Amino acid sequence: RVHGENIPMHFKARSKHPHYPDRTAVPDGKVAWSTEWPEYSPVEYTADVVIKNDVSKNPKGWADPEHITNADLQRKISYCGQLQLLNGRPLNPRGRTGMSGRGLLGKWGPNHAADPVVTRINPQTRRLEMVAIQRKDTNEWAIPGGMVDAGEDVSVTLKREFTEEALGNNHDIAEEMKQLFDSGGVLIYRGYVDDPRNTDHAWMETVVKHFHCSDHLGANIPLQAADDAKAVRWLPLEDNDAEVSRLYASHAEFVQEIVRRHRAVVPHSRPSIFQNVLAYLTSYGPTILLLPFALGFVLSKRYFSRSRQ
């Protein structure tokens with residue numbers, strides 16, 4: 001928690017991003033804006049790609065103008081409440097980050113995203129898994145989400161981003177995927193994201209929804225990395241705390257909540273010894289299951305051939 005305030009401490013928002021200059025180091029005790037720190041001198045940085053996409057200069061741009069009015073800022077909607085302004089700039093609701101400006105984020109204040117967590121029960125192990133993509137910018141594994149376009153409904157973003165990043169726009173199972181996302185999913189989180197792209201004046205906020213596949217759909221989704229994804233796979237979620245904890249930004253917290261809810265509904269979801277042995281054997285392919293029958297056939301043939309002698 002931020003010292004003196006009942007809000008969670010952010011850590012990744014103060015960490016190194018591969019495309020950012022080094023931040024001013026911010027000790028835990030100096031994160032809160034309410035803590036006086038007259039010597040605080042954050043590194044000013046806004047990426048060139050953001051500046052080039054200024055909507056006031058580029059008709060196809062997606063970024064706020066460099067200078068924005070207080071009235072425009074106050075019209076922005078944040079899941080964290082009303083924006084606090086200082087010198088014409090919004091303040092990060094979780095406190096100092098060591099960097100001013102917008103970094104790689106296009107909007108002053110909240111930058112809204114949507115993160116669909118698509119899960120299945122593995123056909124062999126019967127364990128809970130989720131679709132995870134490997135980000136190109138940080139190489140970290142993450143939920144295949146993305147930014148909400150201006151005026152776009154979050155439900156549209158959830159479906160679009162999953163299709164673009166994890167399916168490579170493959171439409172072989174389009175109808176089943178449509179039904180999955182049309183279900184609306186289960187809301188897991190709505191709010192601030194502890195993201196390494198955040199700055200003192202621009203930050204990520206998201207809506208996280210959980211979509212669970214039927215056994216048939218989970219076994220047939222044609223995963224294919226595309227768009228901002230370097231790779232895609234089914235990531236085991238149970239008894240895999242080390243890997244889950246290394247997910248990008250706040251994604252580990254979202255996924256851990258899904259696992260907690262899953263175990264509450266299916267307390268005995270862990271497979272039996274027989275299921276583990278079966279999963280191990282089938283990992284070598286279905287033909288290995290014929291091995292005991294083939295061995296029995298050979299032994300019986302030898303036995304009868306000897307008995308005739």
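Residues numbered from 1 in each chain as written. Predicted model: local features only at pLDDT ≥ 70, side-chain atom pairs only at ≥ 80, totals over all residues. Heavy atoms only, no water.

**Student:** Is there a simple way to think about the overall build of the protein chain in this case?
**Tutor:** Of regular secondary structure, the protein chain possesses 9 helices and 11 strands. Burial analysis of the protein chain (309 residues in total) assigns 43% to the buried set. For the protein chain, contacts bridging at least 24 residues in sequence account for 69% of all contacts bridging at least 6. Element-wise, carbon and sulfur atoms account for 54% of the exposed surface of the protein chain, whose accessible area totals about 16900 Å². (Helix = DSSP H or I, 4+ residues; strand = E, 2+ residues; numbered from the N terminus. Buried < 20%, exposed > 50% of the residue type's maximum accessible area, 1.4 Å probe, protein only. Contact = heavy atoms within 4.5 Å. Areas by Shrake-Rupley, 256 points an atom, 1.4 Å probe, with all protein chains shown as cover.)

**Student:** Even after reading the chapter, I still don't get the pairing of strand 5 (residues 109-121), so can you show me in this structure?
**Tutor:** The element strand 5 is largely enclosed, with a buried count of 12 among its 13 residues. As defined by bridge partners, strand 5 adjoins strand 10 (residues 202-212) across 11 bridges and the pair is classed as parallel. Paired with D115 across the strands is V208, a residue of strand 10. Strand direction decides the pairing type here: strand 5 and strand 6 (residues 128-135), joined by 3 bridges, are antiparallel. (Pairing = 2+ DSSP bridges.)

**Student:** Can you walk me through the packing of helix 3 (residues 154-166) against helix 4 (residues 174-182) in this structure?
**Tutor:** Each packed pair of helices is defined by two parameters, the angle between the axes and the distance between the axes. With their axes 10 Å apart at the nearest point, helix 3 and helix 4 run at an angle of 145 degrees to one another. Considering how the two elements wind past one another, helix 3 and helix 4 form a crossing that is right-handed. Taken together, the residues of helix 4 that come into contact with helix 3 (itself represented by L158, K159 and F162) are M177, K178 and F181. Taken together, the residues of the contact of helix 3 with helix 4 sort by class into 4 nonpolar, no polar and 2 charged. (Axes fitted to C-alpha atoms, helices over the stretch in contact; angles between N-to-C directions. Left-handed = near helix turned anticlockwise from the far one by under 90°. Nonpolar A, V, L, I, M, F, W, Y, C, P; charged D, E, K, R; others polar.)

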